[in-house]
Amino acid sequence: MNTPVLPLSAQIHQRLTERLTPTELRVIDESAAHAGHVGANDSLQGTHMRVCIASPLFHGISRVQRHRLVYDALQDFIDQGLHALAIELI
């Protein structure tokens, strides 16, 4: 039996939930708004993501360190073609 592949936004949500135990998390696929831009693909999905996240792991560390935690958790997605990642710390 084939397991359906989750949309990239759901995969990112799952990964961040596992790694950063967020208290609030939204993952928004903004790819369609970037049609025709560098890094966009024909499906208009999975290339430009916005992550809005709050996590107890962010307490006591700098904004740069918080962003680094998110990037580190998602590095393999970036390596596989995620072109743009906007991070909003909430």
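The structure under discussion appears in the preceding block.
Residues numbered from 1 in each chain as written. Predicted model: local features only at pLDDT ≥ 70, side-chain atom pairs only at ≥ 80, totals over all residues. Heavy atoms only, no water.

## Concerning the nonpolar core
Phase 1 of the analysis: In this structure, I12, L16, V51, I53, V70 and L85 are the most contacted members of the largest nonpolar core, which totals 18 residues.
Phase 2 of the analysis: Dropping the residues within four chain positions of it, V51 is found in contact with I12, L16, L25, R26, V27, L85, A86, I87 and E88. (Core = buried A, V, L, I, M, F, W, Y, C linked by side-chain atoms within 4.5 Å. Buried < 20%, exposed > 50% of the residue type's maximum accessible area, 1.4 Å probe, protein only. Contact = heavy atoms within 4.5 Å.)

## Comments concerning helix α1 (residues 8–20)
Phase 1 of the analysis: Helix length check: α1 (13 residues) gives 18 Å between terminal C-alpha atoms against 18 Å at 1.5 Å per residue, within 8%.
Phase 2 of the analysis: All buried positions along α1 are accounted for by L8, I12, R15, L16 and L20. The buried residues of α1 all sit within an arc of 95 degrees when viewed along its axis, so they share a single face.
Phase 3 of the analysis: Structurally, α1 contributes buried residues whose contacts are with β1 (24–29), β2 (48–54) and α2 (63–79).
Phase 4 of the analysis: In the stretch just after α1, T21 is the one whose phi turns positive, near 35 degrees. (Helix = DSSP H or I, 4+ residues; strand = E, 2+ residues; numbered from the N terminus. Expected span 1.5 Å × (residues − 1). Arc of directions from axis to C-beta.)

## Side note on the pairing of strand β3 (residues 84–89)
Phase 1 of the analysis: Taking every second residue as pointing to the same face, the buried face of β3 carries L85, I87 and L89, while none of A84, A86 and E88 on the other face is buried.
Phase 2 of the analysis: Both β2 and β3 contribute to a ladder of 6 bridges, which runs parallel. Among the inter-strand pairings, I53 is bridged to a residue of β3, identified as L89.
Phase 3 of the analysis: Taken together, β2, α2 and β3 form a β-α-β motif whose crossover is right-handed. (Pairing = 2+ DSSP bridges. Right-handed = clockwise from strand over helix to strand, strands pointing away.)

## Section: the side chain of H67
Phase 1 of the analysis: Of note, H67 is situated in helix α2.
Phase 2 of the analysis: Given the relative accessible area of 18%, H67 is considered buried.
Phase 3 of the analysis: Sequence-distant contacts of H67, that is, excluding residues within four places in its chain, are made with I87 and L89.

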